[in-house]
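# Observations on chain architecture
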Amino acid sequence: MFGIDSPELLVIAVVALVVIGPKELPGMLRSWGKWMAQMRGMASEFRGHVDEMVRQADLDDVKKQLTGTPGLDLQALDPTREIKNAIQEGMAEGEKAMSEAKSQFDNPLADNPLVEPESAPQIAAEPAPDMATPVVAEAAPAVPAAASEAVPAAEEKPAKAVAAG
């Protein structure tokens, strides 16, 4: 602080105590502190104004550089205009697709490969069987009753053997 060392501060404090006296010293230190606070506030305010002027000067320089550039058009850098143009192009494409779909719906024979024109030749199909004549199903061979009973009996023997074993 101002090139004053601690022994010099000690000498100043002792001289102030002797000259001012112990009774008045606290009030004088308080007023000195307020004065220093005001000085620091004024210095910070001055520093803020200087910094603002420097920033303004830098902004002015940048603005001059941008306006001085011959190929740069600041009006063309509008992003909202670009977005509006993209939306309008999309709307135009959608309306075109909608009109094409509507025309195909109104005229289903146009460009539809699944619809046969009325002038197409008809291929003769085989006649459908007459439902009036009954169809007789082939008879299944008769199985003797003894043979059908023998099969379950044969199946029961291994099941009983497994249960007993």
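Because the structure is a prediction, the values reported are computed rather than measured.

A word on the overall build of the protein. Helices and strands together make up the secondary structure of the protein, namely four helices and zero strands. In sequence order, the protein lays out its α and β elements as α-α-α-α. In the protein, buried positions account for 1% of the 165 residues. Carbon together with sulfur atoms contributes 64% to the accessible area of the protein, which is approximately 15700 Å² in total.

Time to look at the environment of serine 44. By the secondary structure assignment, serine 44 is in helix α2 (residues 25-68). A polar side-chain atom of serine 44 sits 2.9 Å from the main-chain carbonyl oxygen of glycine 41.

A residue-level look at the protein finds 60% of positions with pLDDT of 70 or above and a mean pLDDT of 75. The least confident element of the protein is helix α4 (residues 145-164), whose mean pLDDT is 52; the most confident is α2, at 90.

As a further point, take the environment of serine 103. Topologically, serine 103 is positioned in helix α3 (residues 79-106). Of the polar contacts made by the side chain of serine 103, one reaches the backbone oxygen of glutamate 100; its length is 2.8 Å.

Rules used throughout
- Residues numbered from 1 in each chain as written.
- Predicted model: local features only at pLDDT ≥ 70, side-chain atom pairs only at ≥ 80, totals over all residues.
- Heavy atoms only, no water.
- Helix = DSSP H or I, 4+ residues; strand = E, 2+ residues; numbered from the N terminus.
- Buried < 20%, exposed > 50% of the residue type's maximum accessible area, 1.4 Å probe, protein only.
- Areas by Shrake-Rupley, 256 points an atom, 1.4 Å probe, with all protein chains shown as cover.
- Polar contact = N/O pair within 3.5 Å; in protein donor to acceptor, adjacent residues only side chain to side chain.
- pLDDT = per-residue confidence, 0-100.

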